[in-house]
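Summary of the model geometry
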Amino acid sequence: MHYLPASGEDVKNMLGAVGAKSVDDLFSSIPEEVKLRGPLPIPSGLAEAEVKERFALRAARNTVASCFPCFLGAGAYDHYVPAAVDAILSRSEFYTSYTPYQPEMAQGTLQAIFEFQTMMAGLTGMDVSNASLYDGASATAEAALMASRLRKGRKILVARSLHPSYRAVLRTYVKHLGLAVEEVPFGSDGRVDLSAYAKAAEGACIFLVGQPNFFGVVEDVKAISSVALNSEKPILAVAVAETLALAALEPPGPQGADLCVGDARSFGLPVGFGGPYLGFMTAKKELMRQMPGRICGETVDADGRRGFVLTLTTREQHIRREKATSNICSNEGLCMLAATVYLALMGRKGLSELARQNLSKAHYLKGALEANGVKPLFGGPVFNEFAVSVKGSAKVNGKLFKKGIIGGYPLFKDYPKLKNGYLLCATERTAKEDCDKLASILGGAA
Amino acid sequence: MNIPSGLRYTKTHEWVKIEGQTGTVGVSDFAQHELGDIVFVEAPQPGDGVTAGAQMGTVESVKAVSELNCPISGTVAETNEALADHPEYLNQDPYGAGWIVKVTLSDAKEAEGLMDAQAYAKYVAESGH
Amino acid sequence: MSRQIEEKLLFELDHPGRNGASLPKCDVPEVSFADAFGPLARKEEPVALPELSEVDVIRHFTRLSACNYSVDLGLYPLGSCTMKYNPKINEAVCRYEGLSGVHPLQDEATAQGALELMHALQESLCAISGMDACTLQPAAGAHGEFTGMQLIRAYHEAKGNPRKIVLIPDSAHGTNPASAHFAGYAVEEFKSGADGCVDVEALKARMNEEVAAIMLTVPNTLGIFEKNIKAVCEILHAKGGQVYIDGANLNALMGVTRPGDWGADVMHINLHKTFSTPHGGGGPGAGPVACKAHLEPFLPVPIVVKKEERYSFDYERPMSIGKVQGFYGNFLVLARALAYIETMGAEGLKSASELAVLNANYLRAKLTGKLELGFDGPTLHEVVFCDKGMPNGVTTMDFAKRLIDYGFHPPTVYFPLIVHGAIMIEPTETEPKEEMDRFVEAVEKIVAEARETPDLVKKAPHEAYRKRLDEVAAARNPRLVWKR
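Quick summary incoming for the structure in this document. Owing to the predicted nature of the structure, the values given are computational and were not obtained by experimental measurement. Within each chain, residues carry numbers counting from 1 in the order of the written sequence. Numbering of ligands from 1 and lettering of chains from A proceed in the order in which they are written. Owing to the predicted nature of the model, reporting of local features is limited to residues with pLDDT of at least 70; listing and counting of side-chain atom pairs is limited to 80 or more, with chain, interface and lining totals taken over all residues. Side-chain numbers come from the whole structure's heavy atoms, not from hydrogens or water.

**Quick look at the side chain of D10 of chain A**
Let me state the cut-off plainly: Secondary structure follows DSSP: runs of H or I at least 4 residues long count as helices, runs of E at least 2 residues long count as strands, and numbering of each begins at the N terminus. Summary of the burial criterion: residues with accessible area below 20% of their type's maximum are buried, those above 50% are exposed, and those between are partly exposed, where the area comes from a 1.4 Å probe applied to protein chains only. By the counting scheme adopted, Arg and Lys are positive, Glu and Asp are negative, and His together with the chain ends is not counted. Criterion for a salt bridge: a side-chain nitrogen of Lys or Arg within 4 Å of a carboxyl oxygen of Asp or Glu. The criterion used for residue contact is that any of the two residues' heavy atoms lie within 4.5 Å.
Looking at where D10 of chain A falls in the secondary structure, it is placed in helix α1 (residues 8-18). One buried charge, D10 of chain A, has no salt-bridge partner; the nearest side chain with opposite charge is K433 of chain C, at 5.8 Å. With residues near it in sequence (within four places) discarded, D10 of chain A still touches P5 of chain A together with K433 of chain C.

**Overview of the sheet that holds strand β13 (residues 423-425) of chain C**
Residues and elements named next belong to chain C. In plain terms, the rule: Being paired, for any two strands, means DSSP has found at least two bridges between them. Lines fitted to the C-alpha atoms define the axes, with helices restricted to the stretch that makes contact. Angles between their N-to-C directions range from 0 to 180 degrees.
Taken together, the four strands give an open sheet; going across it, the order is β10-β11-β13-β12, and neighbouring strands pair in antiparallel fashion. Here the strands that pair on one side only, and so sit at the sheet edges, are β10 (372-373) and β12 (412-413). As judged from the three bridges shared by strand β11 (residues 383-386) and β13, these two strands associate in the antiparallel manner. Counted as the bridge partner of F385 is I423 from β13. Contacts from helix α12 (residues 331-367) reach β10, β11 and β13 within the one sheet, and its direction differs from that of β11 by about 25 degrees.

**Points about the pattern of salt bridges**
What the rule picks out here adds up to 53 salt bridges over all chains. A salt bridge links K63 of chain B to E471 of chain C, with the shortest nitrogen-to-oxygen separation between them at 3.1 Å. Here K63 of chain B is found in the loop between β6 (55-61) and β7 (65-69), whereas its partner E471 of chain C is found in helix α16 (residues 471-476) on a different chain. Given the relative accessible area of 48%, K63 of chain B is considered partly exposed. The closest approach of N and O atoms between R258 of chain C and D261 of chain C, which form a salt bridge, is 3.0 Å. What makes R258 of chain C buried here is its relative accessible area of 14%.

**Points about the packing of helix α2 (residues 48-60) of chain A against α12 of chain C**
Each packed pair of helices is defined by two parameters, the angle between the axes and the distance between the axes. The cut-off we apply is this: Reported orientations rely on four angle classes, namely roughly parallel under 35 degrees, roughly antiparallel over 145, roughly perpendicular from 65 to 115, and oblique for the rest. Take the far helix as the reference: if the near one is turned anticlockwise from it by less than a right angle, the crossing is left-handed, and if turned clockwise, right-handed. The nonpolar class holds Ala, Val, Leu, Ile, Met, Phe, Trp, Tyr, Cys and Pro. Asp, Glu, Lys and Arg form the charged class, and all remaining residues, Gly among them, are polar.
Relative to each other, α2 of chain A and α12 of chain C sit at 140 degrees, their axes nearing to 10 Å. Relative to α12 of chain C, α2 of chain A is oriented oblique. Where α2 of chain A crosses over α12 of chain C, the two elements pack in a sense that is right-handed. Packed against α2 of chain A, whose contacting residues are V51, R54, F55 and R58 of chain A, the element α12 of chain C presents A335, L338, A339, E342 and T343 of chain C at the interface. Looking at the contact of α2 of chain A with α12 of chain C residue by residue, the class counts come to five nonpolar, one polar and three charged.

**A short note on the sheet that holds β6 of chain B**
All names here are of chain B. Read from one edge of the open sheet, three strands run β4-β6-β7, paired in antiparallel fashion. Unpaired on one side and paired on the other, β4 (38-42) and β7 mark the two borders of the sheet. Within the sheet, the average angular offset between the axes of one strand and its neighbour, ignoring direction, is 25 degrees. Inspection of the sheet shows β6 paired to β7 by five bridges, in the antiparallel sense. Within β7, the position partnered with V59 by the bridge is S66.

**Some words on helix α10 (residues 229-238) of chain C**
All names here are of chain C. Note the cut-off: Note: the arc covers the axis-to-C-beta directions of the helix.
Here α10 has its buried residues at I229, V232, C233, I235 and L236. Each buried residue of α10 lies within a common arc of 160 degrees when the element is viewed along its axis, so the set occupies one face. Residues of α10 that are exposed and angled more than 90 degrees away from the buried face: E234 and A238. As for α10, its buried residues are in contact with α9 (200-206), β4 (211-217), β5 (242-246) and α11 (259-262).

**Focus: the packing of aromatic side chains**
Keep this limit in mind: A pair of Phe, Tyr and Trp rings is counted when the ring centres sit within 6.5 Å of each other, with Trp represented by its six-membered ring. The angle between the planes then sorts it: under 30 degrees is stacked, over 60 is edge-to-face, the rest tilted.
One pass over the full model with this rule turns up 32 aromatic pairs over all chains. Note on F273 of chain A and Y328 of chain C: the rings are 5.2 Å apart at their centroids and 45 degrees apart in plane angle, and the pair reads as tilted. Taken together, the residues F273 of chain A in the loop between β6 (259-263) and β7 (279-283) and Y328 of chain C in the loop between β9 (310-314) and α12 connect one chain to another. Considered together, F273 of chain A and Y328 of chain C belong to a single accessibility category, that of buried residues. Ring geometry for F11 of chain C against W482 of chain C: centres 5.5 Å apart, planes inclined by 20 degrees, an arrangement best described as stacked. Here the residue F11 of chain C occupies a position in helix α1 (residues 10-13), and W482 of chain C occupies one in the segment after α16, the gap between them amounting to 471 residues. Note on accessibility: F11 of chain C and W482 of chain C belong to one class, buried.

**Digging into helix α7 (residues 141-158) of chain C**
Cut-off, in case you're wondering: For a helix, the expected span equals 1.5 Å multiplied by the residue count minus one.
Between its first and last C-alpha atoms α7 of chain C spans 26 Å; for 18 residues at 1.5 Å apiece the expected length is 26 Å, and the two agree. Counting buried positions along α7 of chain C yields 16 of 18 residues, so the element is predominantly enclosed.

**Description of the interface of chain B and chain A**
Rule in force here: Buried area adds together the accessible area that both of two parts lose upon being put together, with accessible area traced by a 1.4 Å probe. Side-chain atoms alone can form a polar contact between residues adjacent in sequence; in general such a contact is a pair of N or O atoms within 3.5 Å, and within protein one must be able to donate a hydrogen while the other accepts it.
Taken together, the nine residues of chain B in the interface contact six residues of chain A. Contact between chain B and chain A buries roughly 570 Å² in total, counting both sides, with carbon and sulfur atoms accounting for 48%. On the chain B side of the contact with chain A, F40, E60 and V65 of chain B bury the most area, a combined 56% of that side's loss. Our count for the chain B to chain A interface comes out at two salt bridges. E60 of chain B is paired through a salt bridge with R320 of chain A; the nearest N and O atoms lie 2.6 Å apart. Here chain B and chain A share four residue pairs in polar contact (both at pLDDT 80 or more) between them. Breaking the side of chain B that touches chain A down by element, the ones donating at least two residues are β6 and β7 of chain B. In terms of residue count, β6 of chain B provides more of the side of chain B that touches chain A than any other element does, three residues in total.

Right under this line is the structure:
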């Protein structure tokens, strides 16, 4: 076996040093009655070439966006990943290292985390950031838990227009902690219904809003944060599933949000059939000590040179155990590195231009659809995704696939009242002619 | 180890200094030594009620969190704001600049049940340290 | 490590006018942010991002990479972390466009390869653990623990009483109590017996209908197999409790014994430990949860099922605890793990566990006498030493930092908490004997230094990119982002 260096001779020598007759002797502390008789019921090992072939076959049985134009977003946006990102991720100094608990030999990872934290705090207009969470959905749930600790509150308020999976995971997380989740409806523009929010806000410890929301509609965060309430304002948390929008919109911090969570997968990671993604959390400074997950901080070494360490670790499970701010241990380290490299490559100009291209493509697609009689579902402003009304939306994708197109996302599964709702996304990878083609097909169907 | 007389001590290594209706609370020199470099203090705020023997906050070093118990009952009158930027005062001057809260006592006699300096010195010695 | 270039932060390297992005020309009319969003539009470019060329960026991160230690460089003996070699074929296959480019919401008919991959992994993990069903959704070990505890809770609730308490031994990882807490349970710690195992009589006395479950790591964090595991399962089951196995140390057991055969009800499996997927400097991992049939109805939605030759997601699971991840799990990590299992096969996995145990016992034999054992008794894949007998006030931390100067990553230190100044060593099966001998030599030298030149040890490391870093200053005055 090519990953196992021990030769027969090595085994013999090591057994000698241990004072054991056989390898089986080493397992004598396991009672015979629980030992497995016979081999594991899985096939024998394969040679590398055979494994490769199997995976090539598996890959061939999937259709991917690079072959077919793809109009699916809904929490996973198809952006180009520069080759330089994977070149860095493929460096084994990064991917075969552990969590940087020994900072003197992990400064590479730690400095990258510090850079990531700086960029994410900057993009979201917040003071502090952690080093990543699992994904946007679990980050949303962590935000709710954090707010309930800070405010000793039991009521979680969430916009119904927030990503359905984010809401689903949130419910799983809070289910047994005595917390209640209430939803705030959306208006005809697809945005949070502010008067409904004002009514529901009393006693809530947090209000979680998607930005842009699941319908692609851009919320007016400032208007939400300015709603006059009779009671203490809930912590306002903005959840961002498409972080590229942060380059186009005023950052949530200055708009009055206290907390920003979401999924930064758009920054340099593939859609990858759903994972691994990149949950993140940034916050105003006052919330720092209740944040979940690892955090990197700047310090100096014994010679006074700048260096980085994991810090504020008393929040974490390995110290505070059941009183920790979260049970998270492993995070999405390498995905964080991808985002850091990606953002460094794009830079402020590149990311802005990329966001502009996404915006322009989506608006072109929207216009082309309207010209073909396909109407938008909501009136609010949109970034690179928007909902339209398409009759028989459940069956549209099959039709489109026959014409070589990966279609959008039918909304009825998550919003039964939006029977004809159909979510479409355009990114820098969407070609004009494909927009025209889609518009004419859907126009015919509508 | 410094154990000033005139203060009262708890088994969990907090001290209280009674002056009229006010009790000033901190952690002992022994405690700060055991905790190591203190990096953060979480204390109750003015107006909060505190109960003798109950947890009122935490003291953190880099890799440990210790509960901070209140030696006496009453209402917090003042919190040492300087500790937010200078938690090291707890290490440097546990009985002076490192005080944590001042409490308006609900029962000035309550502290008499706590150890005096002599008893506390004996307690520390006997608990095997 | 030799003297390295002092690498600045990205923001200090900022060079206006440079560009590392390569974007296509836009083939549609340009829409400005202001036109689209009015007052909600961003007014200035995100200043937090630098302007750099691709060359600058690659140099920056390549230089940073040189400040890291890694498995590909040498022994990484972190106990309970299973820092085994990460096979290169895994990295290759997970990058196939046909896998990395599949959108999670595509029609199932267009993602049969991805679904088949997940199904094959579910089946393999069931076979290895002796369980009946499996979810791949959890993103990491702790996420798996949380999921497993939710299953247990849902099971008890369905029987009419969620129960209140989860028992966890004092040798457990911190994630165990935290996970049980977030599933709504009160955590009760119980002391390990003198032999490092569960005290069966004490457990019997403690067990009642309030106890929902016990969470056990087997072998435990001392490397000791829980010899009474069958009795423990019987005691819990007799009063309706469930047995959760933390699979963090499954690398000691593959093909030798299976939690399902002990009577355990549910476990998580760390693919980034036992199944060779990279740790990535902290993640991403994957923490699939395998369980017995009675817990299967509660698994998160969706589960991959096979009907005839077609694979699909099953969402029709009314008893399910719901979702724990946005989509279906860390798919590209799952792909790597399956590549590993298919490469190793039944015999290969068993050999891996056997050699992991042999390597750990070899190091134990070689180091005993130089360091003091934390616990007697036979150990499997890892061994724990303590700080007893370290001369001149040298601490476990000093010892660990001095190992850096000898070119090794230190072992896990100060864990498990029940061993004073613990030094926890897990070499894994992928370590060659010479590398372990080199480590033993280094330990020997450090022990001598601690006696003769203690200051050398106390001030270590001396040769690393950075000397000892001031964690106190970092925590007292947290600086978490760069400021101009």
